[in-house]
Amino acid sequence: MSIEKTIARYKEDFDLFDDPNDKLEYIFDLGKKHTTLPEEEKNEATFVQGCASAAWLVGECRDGKLILRGEGTSEMAKGMLTLLLDIFGERTPDEILNFNPENLQDMGIVELLSPVRQQSLQAFLKMVYDYAQKCKEQGA
């Protein structure tokens, strides 16, 4: 499933809710599927600088795809990480690099995030795109 189709699937889910608080609750529920990282992977290199709460993102190239794993400490970070890892995980570097992150607006949730949370999203996206660029340069 493409990035665009994954976003469309989430948009369908979010469209089921009229109340913005219900949409945010859905993000919190996604966080219940959240995984954790081994302590040794939580370091300065994987720390998401600019995130509102502590979060880490690990990216590695494997079989021509970027494999992403992450961990957040707040309920919102856990939910957003789960959502974003589903959207961007196990993609080719070109898929990610050719995707316009402004298309995330199509889901109808970015505008519900506080300005600080929107900055966190931008910090996460910067790391994803940096990992994708490194993966592409490695030719993995």
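Residues numbered from 1 in each chain as written. Predicted model: local features only at pLDDT ≥ 70, side-chain atom pairs only at ≥ 80, totals over all residues. Heavy atoms only, no water.

Moving on, we come to the overall build of the protein chain. Per the secondary structure count, the protein chain includes five helices and two strands. Traced from its N-terminal end to its C-terminal end, the protein chain shows the element sequence α-α-β-β-α-α-α. Overall, the C-alpha framework of the protein chain stretches about 45 × 30 × 25 Å when taken along its three principal axes. The buried share of the protein chain, reckoned over its 140 residues, is 44%. Taking contacts inside the protein chain between residues at least 6 apart in sequence as the whole, the part at least 24 apart equals 65%. Of the accessible surface of the protein chain, which amounts to about 7,500 Å², a share of 48% is contributed by carbon and sulfur atoms. Within the protein chain, the 26 negative side-chain charges are centred at a point lying 2 Å from the centre of the 16 positive side-chain charges. (Helix = DSSP H or I, 4+ residues; strand = E, 2+ residues; numbered from the N terminus. Buried < 20%, exposed > 50% of the residue type's maximum accessible area, 1.4 Å probe, protein only. Contact = heavy atoms within 4.5 Å. Areas by Shrake-Rupley, 256 points an atom, 1.4 Å probe, with all protein chains shown as cover. Lys, Arg positive; Asp, Glu negative; His and termini not counted. Charge placed at Lys NZ, Arg CZ, Asp CG, Glu CD.)

All right, on to the state of the cysteines then. Throughout the structure, instances matching the rule amount to one disulfide. One disulfide bridge connects Cys61 with Cys135, the sulfur atoms lying 2.2 Å from each other. Of this pair, Cys61 sits in strand 1 (residues 55-62) while Cys135 sits in helix 5 (residues 115-138), placing them 74 residues apart in sequence. Since its relative accessible area comes to 1%, Cys135 is described here as buried. (Disulfide = S-S within 2.5 Å.)

Attention now moves to the packing of aromatic side chains. Summed over the entire model, instances satisfying the criterion amount to five aromatic pairs. Centre to centre, the rings of Phe17 and Tyr26 are 5.8 Å apart; their planes meet at 45°, and the pair counts as tilted. Look at Phe17 and you get partly exposed, because its relative accessible area is 25%. With a relative accessible area of 19%, Tyr26 lands in the buried category. Aromatic rings pair up to connect Phe14, Phe17 and Tyr26 into one cluster. The residue whose ring lies beneath Arg9 is Tyr10, and the NZ or CZ to ring-centre distance is 4.9 Å. (Phe/Tyr/Trp six-rings, centres within 6.5 Å; stacked < 30°, edge-to-face > 60°. Lys NZ or Arg CZ within 6 Å of the ring centre and 35° of its normal.)

For the rest of this paragraph, the subject is the packing of helix 1 (residues 3-15) against helix 3 (residues 75-88). Interaxial distance between helix 1 and helix 3 falls to 8 Å at its minimum, and their mutual angle equals 145°. Counting all contacts with helix 1, which are made through Ile3, Thr6, Ile7, Arg9, Tyr10 and Phe14, the residues of helix 3 involved are Leu83, Asp86, Ile87 and Phe88. Partitioned by chemical class, the residues of the contact of helix 1 with helix 3 number seven nonpolar, one polar and two charged. (Axes fitted to C-alpha atoms, helices over the stretch in contact; angles between N-to-C directions. Nonpolar A, V, L, I, M, F, W, Y, C, P; charged D, E, K, R; others polar.)

What follows deals with the pattern of salt bridges. Inspection of the entire model under this criterion finds twelve salt bridges. Put simply, Asp94 and Lys136 hold a salt bridge, and the shortest N to O gap is 2.9 Å. Of the two residues, Asp94 sits in helix 4 (residues 93-97) while Lys136 sits in helix 5, which places them 42 residues apart along the sequence. Since its relative accessible area comes to 43%, Lys136 is described here as partly exposed. Via salt bridges that share partners, Glu41, Glu60, Arg62 and Arg69 belong to a single interconnected network. (Salt bridge = Lys/Arg side-chain N within 4 Å of Asp/Glu carboxyl O.)

In terms of strand pairing, strand 1 meets strand 2 (residues 65-72) through eight bridges, oriented antiparallel. Bridging across to strand 2, Val58 finds its partner in Arg69. Counted between consecutive antiparallel strands, the loop separating strand 1 from strand 2 contains two residues, among which Asp63 sits at a positive phi close to 55°. (Pairing = 2+ DSSP bridges.)

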